[in-house]
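The primary structure of each chain is shown beneath.
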Amino acid sequence: MGLMRKTRIIVPCYNEAARLAPKAFQEALDDNGDLSFLFVDDGSTDGTLPLLTSLKERNPARVEVVSLEKNSGKAEAVRQGMLASLRGAFDYVGYWDADLATPLDVIGDFCRLLDSTGAEIAIGSRVRLLGRRIERNAWRHYCGRLFATCASLLLDIGVYDTQCGAKMFRSSAAVRRVFGTPFKVAWTFDVEMFARFPIVMGVSPAEASSRWVEFPLVQWMDVKGSKLTWRDYLRGGLEFCTLFYYLRTPAHRAYERYLGIPERG
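Owing to the predicted nature of the structure, the values given are computational and were not obtained by experimental measurement.

**So, the nonpolar core**
Counting residues in each nonpolar core, the largest one holds 44 residues, and the members touching the most others are M82, Y95, F169, F179, M193, F197 and W212. If you list the elements that add at least two residues to this core, you get β2 (35-42), α3 (74-86), β4 (92-96), β5 (121-125), α5 (138-155), α6 (173-178), α7 (189-201) and α9 (230-248). No other element matches α7, which puts eight residues into this core. With near-sequence residues (within four places) excluded, F197 lies in contact with I121, F169, A174, V175, V178, A208 and W212. By size, the runner-up hydrophobic cluster in this structure holds 34 residues, among which are A28, L35, Y92 and V106.

**Concerning helix α2 (residues 48-58)**
By the burial criterion, the buried members of α2 are T48, L52 and L55. The buried residues of α2 occupy one face: seen down the axis, they fall within an arc of 60°. Away from its buried face by more than 90 degrees, α2 exposes P50 and E57.

**With respect to the sheet that holds β4**
Taken together, the seven strands give an open sheet; going across it, the order is β3-β2-β1-β4-β7-β5-β8, and neighbouring strands pair in mixed fashion. If you trace the sheet from one side to the other, it starts and ends with β3 (63-68) and β8 (212-216), each paired once. For this sheet the average axis-to-axis angle between neighbouring strands, irrespective of direction, equals 20°. Inspection of the sheet shows strand β1 (residues 7-13) paired to β4 by four bridges, in the parallel sense.

**What to know about unusual backbone geometry**
Located in the positive-phi region is N15, a residue other than glycine, with phi close to 50°. Backbone geometry at D156 places phi at a positive 60°, although glycine is not the residue there. Classification of D156 as exposed rests on a relative accessible area of 54%.

**Examining the packing of helix α1 (residues 22-31) against α2**
In contact at an axis separation of 11 Å, α1 and α2 are set at 25° when each is read in the N-to-C sense. With respect to α2, the axis of α1 lies roughly parallel. The interaxial crossing formed by α1 with α2 has right-handed handedness. Across the interface between the two elements, P22, F25 and Q26 from α1 touch L51, L55 and R58 from α2. Among the residues making up the contact of α1 with α2, the classes are represented as four nonpolar, one polar and one charged.

**Let's talk about the environment of R235**
Looking at the secondary structure, you find R235 in helix α9. Through-space distance from the C-alpha of R235 to that of A186 is 9.1 Å; in sequence the pair is 49 residues apart.

**Observations concerning the pairing of strand β7 (residues 166-170)**
Counting buried positions along β7 yields four of five residues, so the element is predominantly enclosed. Sheet analysis places β4 next to β7, joined by five bridges and oriented antiparallel. Note that in β7 the partner of Y92 across the bridge is R170. By the bridge criterion, three bridges tie β5 to β7 in an arrangement that is antiparallel. Within β7, the position partnered with A122 by the bridge is M168.

**What about the pattern of salt bridges?**
Under the counting rule described, the total for this entry stands at eleven salt bridges. The salt bridge involving R19 is made with E16; its shortest N-O contact spans 3.1 Å. Overall, the relative accessible area of 19% leaves R19 in the buried class. The residue R211 makes a salt bridge to E120 at a minimum N-O spacing of 3.1 Å. Separated by 91 residues along the polypeptide, R211 in the loop between α8 (205-209) and β8 and E120 in the loop between α4 (106-117) and β5 bring together distant segments of the chain. Within this structure, E16, R19 and D99 form a network of salt bridges that share partners.

**Here we look at the pairing of β3**
Strand direction decides the pairing type here: β2 and β3, joined by six bridges, are parallel. Residue pairing for β3: D41 is matched across the bridge by S67. One crossover worth recording links β2 to the parallel β3 by way of α2, and it is right-handed.

**A closer look at the environment of F147**
Looking at the secondary structure, you find F147 in helix α5. Separated by 91 residues in the primary sequence, F147 and L238 have C-alpha atoms spaced 12 Å apart.

Cut-offs applied
- Residues numbered from 1 in each chain as written.
- Predicted model: local features only at pLDDT ≥ 70, side-chain atom pairs only at ≥ 80, totals over all residues.
- Heavy atoms only, no water.
- Core = buried A, V, L, I, M, F, W, Y, C linked by side-chain atoms within 4.5 Å.
- Buried < 20%, exposed > 50% of the residue type's maximum accessible area, 1.4 Å probe, protein only.
- Helix = DSSP H or I, 4+ residues; strand = E, 2+ residues; numbered from the N terminus.
- Contact = heavy atoms within 4.5 Å.
- Arc of directions from axis to C-beta.
- Pairing = 2+ DSSP bridges.
- Axes fitted to C-alpha atoms, helices over the stretch in contact; angles between N-to-C directions.
- Parallel < 35°, antiparallel > 145°, perpendicular 65-115°, else oblique.
- Left-handed = near helix turned anticlockwise from the far one by under 90°.
- Nonpolar A, V, L, I, M, F, W, Y, C, P; charged D, E, K, R; others polar.
- Salt bridge = Lys/Arg side-chain N within 4 Å of Asp/Glu carboxyl O.
- Right-handed = clockwise from strand over helix to strand, strands pointing away.

Quick look at the structure:
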């Protein structure tokens, strides 16, 4: 069954040869004629690129591969993929973690959600509810909840899960502006991404987020081989301080200029 909207999903990949599931991506393409993928190989040093190239050769019209010369981090890989896709004729553009912790069939759910609600952004949310399989390491879960609470306060937006690696956007000028300049942070770039929308749109956080919707995932699981360590959570805390500096101190004026916002009189 087609998605009925032209949809492009960016998949950032760094040394994912052992975890990448080409069959799952192929099945998603077979099931949805309006879906295509852009894989961004982020300077991998294993067999990731040959795997991606093979998938592209089987689907030359619906799979694109961008290879970055050096490892630039997930934030920049996603940004490059988003910019390339936003130049195309796609109704919806999103990004997905390569390990498929969020199954690919959720893409269809996101499309239907954007269609039915008129929302601008659909955000995967890992909420532990009865009847849903959210399998997450307890330590990572509680650290994630603490971070998400702090992020929500910083953004002044009641978002439950900023860090889930499944998000989809309605193609728009605002999205192009949000991804138009490199992010100041790496691991927590999703938080900075959300913070940019009110700035580039010239509205309050409440108004910007009024057309965003979180989708409680039916299934999500930690996949073996994750590169996250306790150091990443420490780095996340330091990056949070960086975001506080740019968003909640007089430095926000310089940050607005960085985003191309004209000086206010």
